[in-house]
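Survey of secondary and tertiary structure
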Amino acid sequence: MTGPDAPPSFTLGYVPGVTPGKWVRTWQERLPKVPLVLNTVNPHEATQKIHDREVDAALLRLPIDRTGLHAIPLYVETTVVVVPKDHVVAAADEVTLQDLADELFLHPHDDTLDWPHPPGKLAEHRPDTTADAIELVAAGVGLLVVPQSLARLHHRRDLTYRPLADVPESQVALSWLEDETTDLMEQFIGIVRGRTVNSTRGKAPEPKPKAKAQPKTQAKTKKPQHPPKRGKPRRRG
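Analysis parameters
- Residues numbered from 1 in each chain as written.
- Predicted model: local features only at pLDDT ≥ 70, side-chain atom pairs only at ≥ 80, totals over all residues.
- Heavy atoms only, no water.
- pLDDT = per-residue confidence, 0-100.
- Contact = heavy atoms within 4.5 Å.
- Salt bridge = Lys/Arg side-chain N within 4 Å of Asp/Glu carboxyl O.
- Helix = DSSP H or I, 4+ residues; strand = E, 2+ residues; numbered from the N terminus.
- Core = buried A, V, L, I, M, F, W, Y, C linked by side-chain atoms within 4.5 Å.
- Buried < 20%, exposed > 50% of the residue type's maximum accessible area, 1.4 Å probe, protein only.
- Polar contact = N/O pair within 3.5 Å; in protein donor to acceptor, adjacent residues only side chain to side chain.
- Pairing = 2+ DSSP bridges.
- Axes fitted to C-alpha atoms, helices over the stretch in contact; angles between N-to-C directions.
- Parallel < 35°, antiparallel > 145°, perpendicular 65-115°, else oblique.
- Left-handed = near helix turned anticlockwise from the far one by under 90°.
- Nonpolar A, V, L, I, M, F, W, Y, C, P; charged D, E, K, R; others polar.
- Arc of directions from axis to C-beta.

**Side note on the confidence of the model for the protein**
Within the protein, residue pLDDT values average 86, and 81% of them lie at 70 or more. Low pLDDT (under 50) marks residues 202-209, which in the prediction has zero contacts with non-local residues, meaning those over four places away or in another chain.

Listed below in C-alpha cells is the structure:
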C-alpha cells in the first residue's frame, strides 16, 4: 500500500557484519505501531540505495562519498587477521604487521579498510567478495585482514582470527539524505545516540500559553448596619 493513506514505516539498510539488533529492539519498544524494515545491502551499493530512496537510512562503513548525505560515526571496529587454525599466528594473542611481513595476503574487491592494499605480499588473484576470500584462506592460499565483525560473520571451524595492531580500522556510521531528516529519522538518530524517550533532541520545549487574566469583580459593598432603635422606656404606673 502506497500513497498518503499508507501506514508509516521506516526502512533501514545495513552492510554485512553490522548488527542493528539492539537498536531495533529499542525502536519496537518506543514505536510499536511503526514497522522497522531491515534490508541487507552490498557495501558498494549502500549509498546508492539511500539516494534511490530504497532505504530511509543505512548503517555502513566509512569512508563513503558524502555528497548529499549525512553521516554520523557510531563506533570503530577492531581489525583482525584471519588464518587457518594450524597457522603459527593462532598461538599469539595479538600480531603486528612486522610479524606478517613475509605472508601472502588476499585483497578482495569489497575490502572495507581505508588503505591501498594489505601488508606483506599480495596474491595475484583478487577475490570478488570477502566470502570468496575466506574460502581461499581455508584452502591455504593466503591470509585476510578484515573488521572483526566480518570475521565473525564468516566464521568457520577450520579458521581463527587474531587482533592486528597498527593498521587502519573501519568505522560504522549511520547515513541518510541531507534534505530528508523526517520525524522518524530523528527518532532513529535518537535511538542510536542513546537518547532517552523523554529527550528534547536539542530543541527547546515550547512555552506553555499564558492563562488569560480573569476580570476582577468588584466586591459588593455592604450597607453600614445601624444599631437597632431602642424603644422608649415605659412608665410604671
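**A closer look at the pattern of salt bridges**
Per the stated rule, a full pass over the model turns up five salt bridges. Of the charged contacts in the structure, one is a salt bridge between glutamate 54 and lysine 49, with a shortest N-O distance of 3.0 Å. In this structure, the salt-bridge partner of glutamate 180 is arginine 53, at a minimum N-O distance of 2.6 Å. Residue glutamate 180 is found in the loop between β10 (171-177) and α5 (183-192), and its partner arginine 53 is found in the loop between α2 (46-51) and β3 (57-62); the two are separated by 127 residues along the sequence.

**Let's talk about the nonpolar core**
Formed by 34 residues in total, the largest nonpolar core has its most connected members in Phe10, Leu12, Trp27, Leu60, Leu174 and Phe188. Listing elements by their share of this core, those giving two or more residues are β1 (10-14), α1 (21-30), α2, β3, β4 (69-76), β10 and α5. The element contributing the most residues to this core is α5, with six residues. Setting aside residues up to four positions removed in sequence, tryptophan 27 forms contacts with Phe10, Pro32, Val34, Pro35, Leu36, Leu184, Gln187, Phe188 and Ile191.

**Some thoughts on the side chain of histidine 107**
Note that histidine 107 resides in the loop between β6 (104-105) and β7 (121-122). Within the local environment of histidine 107, its side chain forms a polar contact with the side chain of aspartate 111, the two groups lying 3.1 Å apart. Sequence-distant contacts of histidine 107, that is, excluding residues within four places in its chain, are made with Pro116, His117, Pro118, Leu122, Arg126 and Pro127.

**As for the sheet that holds strand β5 (residues 79-84)**
Ordered by their spatial adjacency, three strands build an open sheet running β8-β5-β9, and the pairing between neighbours is antiparallel. Lying at the two open borders of the sheet, with one neighbouring strand each, are β8 (144-147) and β9 (159-163). Direction aside, neighbouring strands of the sheet carry axes that sit 35° apart on average. In this sheet, β8 lies alongside β5 in antiparallel orientation, the contact comprising four bridges. Considered in β8, the bridge of valine 81 is made with valine 145. The strands touched by helix α3 (residues 130-138) are β5, β8 and β9; relative to β8, the strand with the most contacts, the crossing angle is about 135°.

**Digging into the packing of α1 against α5**
It is at 10 Å that the axes of α1 and α5 come closest, and there the two elements cross at 125°. As summarised for this structure, α1 and α5 are arranged oblique, according to the angle between their axes. In this structure, α1 meets α5 at a crossing whose hand is right-handed. For the pair α1 and α5, contact is made by Trp23, Thr26, Trp27 and Arg30 and by Leu184, Gln187, Phe188, Ile191 and Val192, respectively. Broken down by class, the residue content of the contact of α1 with α5 amounts to six nonpolar, two polar and one charged.

**Quick notes on α3**
Looking only at α3, the buried set comprises Thr130, Ala133, Ile134 and Val137. Around the axis of α3, the buried residues are gathered within 105° of arc, so they sit on the same side. Next to the buried residues of α3 lie β5, β8, α4 (148-153) and β9. Positive phi appears at glycine 140, one or two residues downstream of α3, with a value of about 85°.

**A look at the pairing of β10**
Within β10, six of the seven residues are buried, which leaves the element mostly enclosed by the surrounding structure. For β3 and β10, the ladder comprises five bridges, and the chain directions are antiparallel. Residue pairing for β10: leucine 62 is matched across the bridge by glutamine 171. Relative to β10, β4 is paired through seven bridges, and the arrangement is antiparallel. Bridge assignment links leucine 69 to a residue of β10, and that residue is leucine 177.

**Description of α1**
Since there are 3.6 residues in each turn of an α-helix, residues three or four apart along the chain are aligned in direction. Among all positions in α1, only Trp23, Val24 and Trp27 are buried. Angularly, the buried residues of α1 cover 100° about the axis, an arc narrow enough to put them on a single face. For α1, exposure combined with an orientation more than 90 degrees from the buried face picks out Lys22, Arg25 and Glu29. For α1, the secondary structure elements touched by its buried residues are β1, β2 (36-40), β3, β4 and α5.

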